[in-house]
Amino acid sequence: MKYEPGIDGLRAVSVGAVFLFHAGVVSGGFIGVDVFFVISGYLITALALAEIDRTDRLALGSFWARRARRLLPAMLLVCAAVLGYSVIEGGEAMQRVGRDVGYALLYVANWGQVGQGRDYFALYESPSLLEHAWSLAVEEQFYLVWPIVLVVVLRVAGTQRVRSAVAGVAVAVAAGSVVLATVLASDEGQGLSRLYFGTDTRAAGLAVGATAGAMGLRRAHRSRTADIAGLVSVLGLVAFAVTLRGDERWLYGPGFLMIALLSVTAMWAATSDGIVQQVLSNRMLVGIGRVSYGVYLWHWPVIVVLDAERTGLSGIALGALWVAVTALLTAASWFAVERNAPMPKLAAPHRGVGYAIGVGALVVGATVVSAAENQRVDDAPFAIPPAVTTLLTSSPVSTASGPGESTPDAELPTTSLVAPSTAEATASTVAEATASTVALPNRPLRVQIIGDSVAESLTSQQITEIATGRFGEVTVRNDGQIACSMVRAGKWWLLDDSQLGDPQDCRGADRFGDAVDAFEPDVVYLLFGWPGVGGGRELDDGSVIRPCEAGFDDRWRFEYQAMIRRFEESATVVFSSVAPPAIPIADRRPGTGCLNTASDELDGNRFDYSNWLCPDGDCEASAGLRSDGIHFRNSAELQEQVLQALLDQVLPAAGY
C-alpha cells in the first residue's frame, strides 16, 4: 500500500484541533478524535485487505504484534511518567492512579469513564492525567475485534468477494452505531458519558473509514472535483471545530456520522492531486502527523500539570509553554522509545513477554500505590465538626401511635460528638432551639434521608446499626439520588458546558413522594448540597439560569418549601443549608452562598449543615470528611462518625 503524506498532514491538523480543544481555545476541537477514527478505520482495513490480496489470508498474530509495537511502548512510557508524578504529587492523583493506569493499559478507559459517570463527578475532581486514553481504548478495541471480523468474512465470502462483503459489514456497523446513538440521545435522562465514550455509540467513524478502506480511495489526478470536495470538507470540519459543543445531543448519531463523512472526503482529497493534497503534504505537517500519536499522548498531561496556578503564566505564554514541552516529550519518546521498539514475534518470544511484564508491572505497581494511599487516608483521624445551633420555626409532627404519654426516660439521648468542655453549652443551645419534644411511637423510630448526591454519598450499609447503637431503636433509610435537586425546569447545564438529564425518578413534581409514603418515616432529613457548584439549568427556551439569579433562586426556594410542606403532612421534616465546598472550582463561584440565603427564608426546621461542615467558613477542619469537597468518602469508619454526628443534631432539631 503506497504511503500517502497527505494523510499524515490530516493527522497533524486533527491532533492540533484536539490540542486547541483541551487548551480551551475551540469548543469543538474534540472532532479531531473522530477524524482519527476515520483514518484508523481506513488504514487498518486497507492494510489487512492488501495482505489478504497477497496471501489469501490474514495473519492475526502478526497483525496484533504490529499494533502492539506501535502503541504499547509510548503508552508504557506515559503511564510510567504519570505514576511517578502521582507519587510525587500525592493526594487525589495518587489515590486514583491505579484506576487510571489500569484502564489505560488494559484499553478499557472509555468504559471506565462511563462507569464513573464522568459528566457529573468530573466536576469535583482535578482532571485525570490519562483522561484522554478513552479514544485509544476505542481504537484498540476496534483493532482487536475487526481483524477477526475480516477473517470470518473472508471464509464466508471468499477472496473474490471479500472487499464488497467487508464494505457491507462496515456500512451495517456504521448504521447500527448511528441508530443506537440516536435512540440513546433521544432520552434526556441518558447521561452524555455513555454516548460520548461508548465504543458502540462512537463506532461510526471507524466503520466509515473501514468502508473506504474496503472500497478503496481512487486517486483523482488534477481533479477540480477533488479540490472542491476537499476544500468544502476541510472548511466544514473547521467550522464544526470552532462552533460545536459536546453536549449537543444531535451530534450523537447523525452529527458524528456527518463528521465522519466529511473526514473521509478530506482524506480522499489528501490522497488526490490538488490543492488540499499539496497543503496537507507540507513537510512540517507531515512531520507532526508522523508523531501525532506521541503528541496526543503527552499534550494532555502537560496541560493538566503545567496549569496557570503552577506556572504563573496565562494566555499565549502558557500556550507556548504547553506546545514546547509537548514537543520535547514527543521527540524524546519518538527517538528514544517508539522508533526502536522491538517487534513481538514467535521467533523472539521474549519480546512479547517483555511487553506483558511492562504492562503488568505498571498496572500492579499503580494499583498498590493507590491502595496504600487510599488506606492511609481512610485510616487518618477525622475532624468531626462540632454541634451548631438548629433553628426550629414550626412545630414537630406528633408520631405517637399508641396510648400513653412519653416520659423523660423514653426520650432519645441528644449527646453530641463535641469536646467535653463544650458539650454542656452545646446541649443547652440545642435545647433552647427546640420548641418541644415528640412522643415516641411504639416501634423503632424511622428516619429517612432525602437529597441529591451529597445525601447519596452517605452509603454505609450499617446505617441503621449505627443509628441504633447511638440512639436506641432507630431505622434509617437513605433515598438520596445523584443529580436530583430542587429546580425541576429544564435540564442541568454543568460547569464543563456539558448537559445532564435528571434521573427518571426525579422528574415529577412529587419527587421522593412514593419513597416517603412507602417508608412512613417519623423524621425526614433533607440534605441537598450540590447545586451551588453544579452549574445551572437550561430552560426549554434555551436560556440558562444559575444560582444567584432570581430565576434559579426563586425556583429553588419555591420547590424546597413545597417539598417541606408535602412531607410535613406525615412526618417531622428537618432541612439543611447548602454545604460550602472547599474545592477550588467551587471557591470561585458564589452559588452556595446564594442558595444558603434562599434557604434562610424557608419555613421549617433548619439544620445549619453549612456551618456544621465548615465552622465559621473554615473548611480545613472537615477536609478529611470529603474526597472532593462536597461528597462524603465511602469509608466505614468515616461513615459511622459522620452519621453519628449528623443524627446527633438532626434528631434534636426534629424534637427528639
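Since this is a predicted model, take the numbers as computed values, not measurements.

(A) A look at the pattern of salt bridges. For the structure on display, the rule yields 21 salt bridges. A salt bridge links arginine 202 to aspartate 34; the nearest nitrogen and oxygen atoms lie 2.6 Å apart. Of the two residues, arginine 202 sits in the loop between α9 (192-197) and α10 (203-215) while aspartate 34 sits in helix α2 (residues 31-55), which places them 168 residues apart along the sequence. Per residue, the accessibility class of arginine 202 equals that of aspartate 34, and both read buried. Here arginine 310 makes a salt bridge to glutamate 89, at a shortest N to O gap of 3.0 Å. Of this pair, arginine 310 sits in helix α16 (residues 308-311) while glutamate 89 sits in helix α3 (residues 60-89), and the two are 221 residues apart along the sequence.

(B) Structural context of the packing of aromatic side chains. In total, this model carries 16 aromatic pairs according to the counting rule given. Both rings, one in phenylalanine 30 and one in phenylalanine 256, keep their centres 6.5 Å apart while their planes meet at 70°; by these two values the pair is edge-to-face. Remark: phenylalanine 256 occurs in helix α12 (residues 254-270) and phenylalanine 30 occurs in the loop between α1 (5-22) and α2; sequence separation between them is 226 residues. The interplanar angle of 70° and the centroid separation of 6.4 Å between the aromatic rings of phenylalanine 512 and phenylalanine 528 together place this pair among those described as edge-to-face. Within this pair, whereas phenylalanine 512 is found in the loop between β5 (499-500) and α22 (513-519), its partner phenylalanine 528 is found in the loop between β6 (523-527) and β7 (536-538), the two being separated by 16 residues in sequence.

(C) Structural view of the confidence of the model for the protein. Mean pLDDT for the protein: 83, with 81% of residues reaching 70 or above. Scored below 50 in pLDDT, residues 392-435 shows 76 contacts in the model against residues more than four places distant or in partner chains.

(D) Representation of the pairing of β6. Of all five residues making up β6, five are buried, and the element is well covered by its neighbours. Inspection of the sheet shows strand β2 (residues 445-451) paired to β6 by five bridges, in the parallel sense. Bridging from a neighbouring strand, valine 447 pairs with valine 523 of β6. Bridging between β6 and strand β9 (residues 572-576) involves four bridges; their strand directions are parallel. Bridging from a neighbouring strand, valine 524 pairs with valine 573 of β9.

Rules of the game
Residues numbered from 1 in each chain as written. Predicted model: local features only at pLDDT ≥ 70, side-chain atom pairs only at ≥ 80, totals over all residues. Heavy atoms only, no water. Salt bridge = Lys/Arg side-chain N within 4 Å of Asp/Glu carboxyl O. Helix = DSSP H or I, 4+ residues; strand = E, 2+ residues; numbered from the N terminus. Buried < 20%, exposed > 50% of the residue type's maximum accessible area, 1.4 Å probe, protein only. Phe/Tyr/Trp six-rings, centres within 6.5 Å; stacked < 30°, edge-to-face > 60°. pLDDT = per-residue confidence, 0-100. Contact = heavy atoms within 4.5 Å. Pairing = 2+ DSSP bridges.

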